[in-house]
Amino acid sequence: MNEILKNIYQAILEGDMDAAQTEVRAAVDAGITGGEILNTALIPAMGQVGCLFEKEEYFVPEMLTAARAMKAGLEIVKPLLANSGLEPVGKVAIGTVKGDLHDIGKNLVGMMLEGAGFAIIDLGIDVAPEKFVEAIKSGANIIGLSALLTTTMPNMETTIRAIEAAGLRGNAKIIIGGAPVTAEYARQIGADGFAPDASQAANLATSLLSQ
Amino acid sequence: MMKINFTNEDWDRVELATMAWWAGELNRPLVNLAVTDPIPPEKFSLPLHSYWSNYPLDMPAGDIIDRFEPLCAATHFYGDAFPWHWLNFGPGIAAGFLGANVHSVYEPSETVWFSPSSEVHLEDLYLTYDATNIWWLRVKELTSALTERYGGNLAVSHTDLGGNLDILASFRGTQELLFDLLDRPEEVDRLTRAITQLWLRYYDELDTIIRPACRGTSCWTPVWSNGKTYMMQSDFAYMISPAMFERFVLPDLTACCNHLDHSFYHLDGKGQIRHLDLLLSIGRLRGIQWIPGDGQPPPQEWLPLLKRIRAGGKLCQVFVSPEGARTIVKNLGGRGFLFVIQPVSASDFLNPEEAQAFLKTLAEEDSSL
């Protein structure tokens, strides 16, 4: 790997936002394409962050700062990607379901998905089913539903039923996650997949779109 | 004052057993089995909120306490259970005492949360005691009213003050504080040290209201001591590494343990198990409460963890079904446990004979006896 790309990769692993920006600018100045920066440094670095999280070498603060550094680098690369016609691998609308105000897990998933090359529409917290329906109408091909409480989990099912009722179930894959959520629950309510953490959510979304 | 189904002799009995349990001298578990008879809805003419912050701040304290009286009168106490009032202002009302916004709602469901009252740079954030804070005055007023009404007949809890990082997160926002831990750890150190001192001050001021009037102390979960007890917590710890826990949380817990006679820690969810070794290393921490968390198997399915807690020299509180308690006593012995029995359905233990039969079975099956 090119030395500058190695530096970008390392800056993201260390959560060093300033270094990530500096190195991405250096890469651009050196004529490295946006696509190469994204696919050779930014996405692999976030993939490695996800692995470290799964191995309990990284925890939420480390993951968040890495994602912040990746995002800072991505902001520089985005105009180049647009000019080159490189499209995001998918468009994900993500939100914490109605009645639930928790946002850290949802934010982490959003960041990891962004780091995996997806475009993110963050619908926020306490999101009504209709908002997810609207997001699909706007082109989202993955819906990410988050819930931290057993009392709000049923609103995942309510949201899926609303998407079905709108005749849009075939237009988007639906993935769910959150502390009380299980793979069994995902099957039960008709979701396409469940991820136990943010890193695996990114892998799940990628694999669902490749099916 | 309404009748409480608990006599002075009952208190003497429970005190004797509980203090022996704290001392490690009780050869059986403590079993907290409190059963409330069905109460006709007409007995509650006005809404009964779980969070006392959902009552208007100008509502007379006595009127609020009156609402809970049918509940107290309908409750029967078996085993080592005791009458107890949890003055619930949400998870970490100390943030409200220090000026964070308190959001208390009861529709569509009851909840309380805290948020920053203004955007302040971490370096400019100073948390100070405010004797005139409305939430602090309200908690003191209600604590006093409860102690005056019930005296030594009922344990009046210290309200849920919160964990140090949980309180700080109410001023920073959770995500910002997660960044702060890596970006400006020295500032987090400064603020967590300040919060520890404030926490101890709030604890002691409530203690001066409660202990002269009541029998011992309790907190937001049914644990009691004739000295100073509290269930400490750090929900924030679920997200951080043991290294961060050691730096930002452990000094606070250690200081609180040194201040209290009988301290417990609320180990909430599998993400906190990684901190167990550090918790076991706090010599004056007396016990650990294990809460598996939403969607997880019940406590009796965590026997290796419970064994680790007991082998580490700590007492252990769990909320379990009757069957769950039986599983634990059969496999690990009951000694050192505090079982808060959660009847599986409302029809369980509706009469004293059934409750006593369960306690007898539990004793017979206890492998430590």
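Residues numbered from 1 in each chain as written. Chains lettered and ligands numbered in written order. Predicted model: local features only at pLDDT ≥ 70, side-chain atom pairs only at ≥ 80, totals over all residues. Heavy atoms only, no water.

A.B. asks: Can you help me understand the overall build of chain A in this one?
C.D. replies: Across its full length, chain A carries nine helices and five strands. When the helices and strands of chain A are read in sequence order from the N terminus, they spell out α-α-α-α-β-α-β-α-β-α-β-α-β-α. For a compact globule of 211 residues, the expected C-alpha radius of gyration is about 17 Å, and chain A comes in at 17 Å, within 12% of that figure. With respect to the principal axes defined by its C-alpha atoms, chain A has extents near 50 × 35 × 30 Å. Sequence separation of 24 or more characterises 73% of the internal contacts of chain A that already satisfy a separation of 6 or more. Counting every atom, chain A has about 8900 Å² of accessible surface; 52% of that belongs to carbon and sulfur. Where the 15 positive side-chain charges of chain A centre and where its 25 negative ones centre are 6 Å apart. (Helix = DSSP H or I, 4+ residues; strand = E, 2+ residues; numbered from the N terminus. Rg over C-alpha atoms; globule rule 2.2 N^0.38 Å. Contact = heavy atoms within 4.5 Å. Areas by Shrake-Rupley, 256 points an atom, 1.4 Å probe, with all protein chains shown as cover. Lys, Arg positive; Asp, Glu negative; His and termini not counted. Charge placed at Lys NZ, Arg CZ, Asp CG, Glu CD.)

A.B. asks: Would you mind going over the pattern of salt bridges with me for this structure?
C.D. replies: Side chains that carry opposite charge are capable of pairing whenever their charged atoms lie near each other. All names here are of chain B. Using the criterion set out here, one finds 33 salt bridges over all chains in the structure. Among the salt bridges present, the one from R215 reaches D12, with a minimum N-O distance of 2.4 Å. Placement of the pair is R215 in the loop between α7 (185-210) and β7 (217-218) and D12 in helix α1 (residues 8-22), with a sequence separation of 203 residues. Taking relative accessible area as the criterion, R215 reaches 18% and is therefore assigned buried. The salt bridge partner of R149 is E69, with a shortest N-O separation of 3.0 Å. Pair noted here: R149 is in helix α4 (residues 134-150) and E69 is in helix α2 (residues 61-73), with a separation of 80 residues, a long-range link. (Salt bridge = Lys/Arg side-chain N within 4 Å of Asp/Glu carboxyl O. Buried < 20%, exposed > 50% of the residue type's maximum accessible area, 1.4 Å probe, protein only.)

A.B. asks: Mind showing me how you'd approach the sheet that holds strand β2 (residues 75-79) of chain B here?
C.D. replies: Backbone-to-backbone hydrogen bonds pair the strands of a sheet. The strands run either parallel or antiparallel. Residue and element names in this part refer to chain B. Taken in spatial order, the seven strands make up an open sheet running β2-β1-β13-β12-β11-β10-β9, and their pairing is mixed. This sheet does not close on itself; its edge strands, each paired only once, are β2 and β9 (229-232). Taken pair by pair, the neighbouring strands of this sheet meet at an average axis angle of 20°, ignoring direction. Across four bridges, the pairing between β9 and strand β10 (residues 262-268) is parallel. Looking at the pairing, T229 lines up with H262 of β10. Docked against the sheet, helix α11 (residues 322-332) engages β12 (315-320) and β13 (337-341), running at close to 160° with respect to β13. (Pairing = 2+ DSSP bridges. Axes fitted to C-alpha atoms, helices over the stretch in contact; angles between N-to-C directions.)

A.B. asks: Any chance you could explain the interface of chain B and chain A here in plain terms?
C.D. replies: Note on interface size: it is often stated as the accessible area lost on association of the parts. Tallying the contact residues gives 17 residues for chain B and 17 residues for chain A. Taken over both partners, the interface formed by chain B and chain A buries close to 1400 Å², and the fraction arising from carbon and sulfur atoms is 67%. Of all residues in chain B, the largest losses of buried area upon contact with chain A belong to Q175, F179 and D294 of chain B, amounting jointly to 36% of the total for that side. Salt-bridge contacts for E56 of chain A lead to R274 of chain B; the nearest nitrogen and oxygen are separated by 3.9 Å. Only α6 (174-183) and α8 (242-259) of chain B provide two or more residues apiece to the side of chain B that touches chain A. (Buried area = accessible area lost by both parts, 1.4 Å probe.)

A.B. asks: Sorry, what's going on with the packing of helix α4 (residues 60-84) of chain A against α6 of chain B here?
C.D. replies: Axes are the key here: two packed helices are described by the angle between their axes and the distance separating the axes. At their nearest, the axes of α4 of chain A and α6 of chain B sit 9 Å apart, and the two run at 90° to each other. Taken as axis vectors, α4 of chain A and α6 of chain B run roughly perpendicular relative to one another. For the pair formed by α4 of chain A and α6 of chain B, the contact residues are V60, P61, E62, L64, T65 and R68 of chain A on the first element and Q175, L178, F179, L181, L182 and D183 of chain B on the second. Of the residues assigned to the contact of α4 of chain A with α6 of chain B, the class counts are seven nonpolar, two polar and three charged. (Parallel < 35°, antiparallel > 145°, perpendicular 65-115°, else oblique. Nonpolar A, V, L, I, M, F, W, Y, C, P; charged D, E, K, R; others polar.)

A.B. asks: Please clarify how a nonpolar patch on the surface should be interpreted in this entry.
C.D. replies: On the surface, L101 and I125 of chain A together with W113 of chain B cluster together into a nonpolar patch covering about 240 Å² of accessible area. Take W113 of chain B: it is sitting in strand β5 (residues 111-115). (Patch = residues over 30% accessible without salt bridge, like charges linked within 9 Å, V, L, I, M, F, W, Y side chains within 5 Å.)

A.B. asks: Is there a simple way to explain the pairing of β13 of chain B in this structure?
C.D. replies: Successive side chains on a regular strand alternate, one facing one side of the sheet and the next facing the other. Residue and element names in this part refer to chain B. Taking burial as the measure, the five residues of β13 include five buried ones, the bulk of the element. Neither face of β13 is open: one carries F337, F339 and I341, the other L338 and V340, and all of them are buried. Pairing geometry for strand β1 (residues 30-36) and β13, over three bridges, is parallel. The residue bridging V31 from the neighbouring strand is F339, located in β13. Bridging between β12 and β13 involves five bridges; their strand directions are parallel. When the bridges of β13 are listed, F319 appears paired with V340. In this view, the connection linking β12 to its parallel neighbour β13 by way of α11 has right-handed handedness. (Right-handed = clockwise from strand over helix to strand, strands pointing away.)

A.B. asks: Please explain the side chain of Q317 of chain B as it appears in this structure.
C.D. replies: Tracing the chain through its elements places Q317 of chain B in strand β12. Excluding anything up to four places from it in sequence, Q317 of chain B contacts T221, P222, V223, M231, F264, I288, Q289, W290, L338 and V340 of chain B.

A.B. asks: For this particular structure, what's the right way to read the pairing of strand β3 (residues 142-146) of chain A?
C.D. replies: All names here are of chain A. Of all five residues in β3, five are buried; the element is thus mostly enclosed. On β3, burial covers both faces: I142, G144 and S146 on one face and I143 and L145 on the other are all buried. Pairing geometry for strand β1 (residues 91-97) and β3, over five bridges, is parallel. Residue pairing across strands places G95 opposite L145, the latter belonging to β3. Pairing geometry for β3 and strand β4 (residues 173-177), over five bridges, is parallel. Residue pairing in the sheet places L145 in a bridge with I176 of β4.

A.B. asks: Even after reading the chapter, I still don't get the domain arrangement of chain A, so can you show me in this structure?
C.D. replies: All names here are of chain A. The domain boundaries assigned to chain A delineate domain 1 (3-84) and domain 2 (91-210). A C-alpha centroid distance of 25 Å is found between domain 1 and domain 2. Each side of the interface is counted separately: domain 1 has 15 residues, and domain 2 has 13 residues. For the pairing of domain 1 and domain 2, the buried interface totals around 1100 Å² over both sides, and the portion due to carbon and sulfur atoms is 73%. Counting the surface domain 1 buries against domain 2, the share from its top three residues, E54, M63 and L64, is 36%. Linking domain 1 with domain 2 are two salt bridges, by the criterion used here. With a closest N to O distance of 3.7 Å, K78 and E114 form a salt bridge. Our count for the contact surface shared by domain 1 and domain 2 stands at three residue pairs in polar contact (both at pLDDT 80 or more). The element contributing the most residues to the side of domain 1 that touches domain 2 is α4, with eight residues. The residue makeup of the side of domain 1 that touches domain 2, split by class, is 11 nonpolar, one polar and three charged. (Domains from an automatic or database assignment. Polar contact = N/O pair within 3.5 Å; in protein donor to acceptor, adjacent residues only side chain to side chain.)

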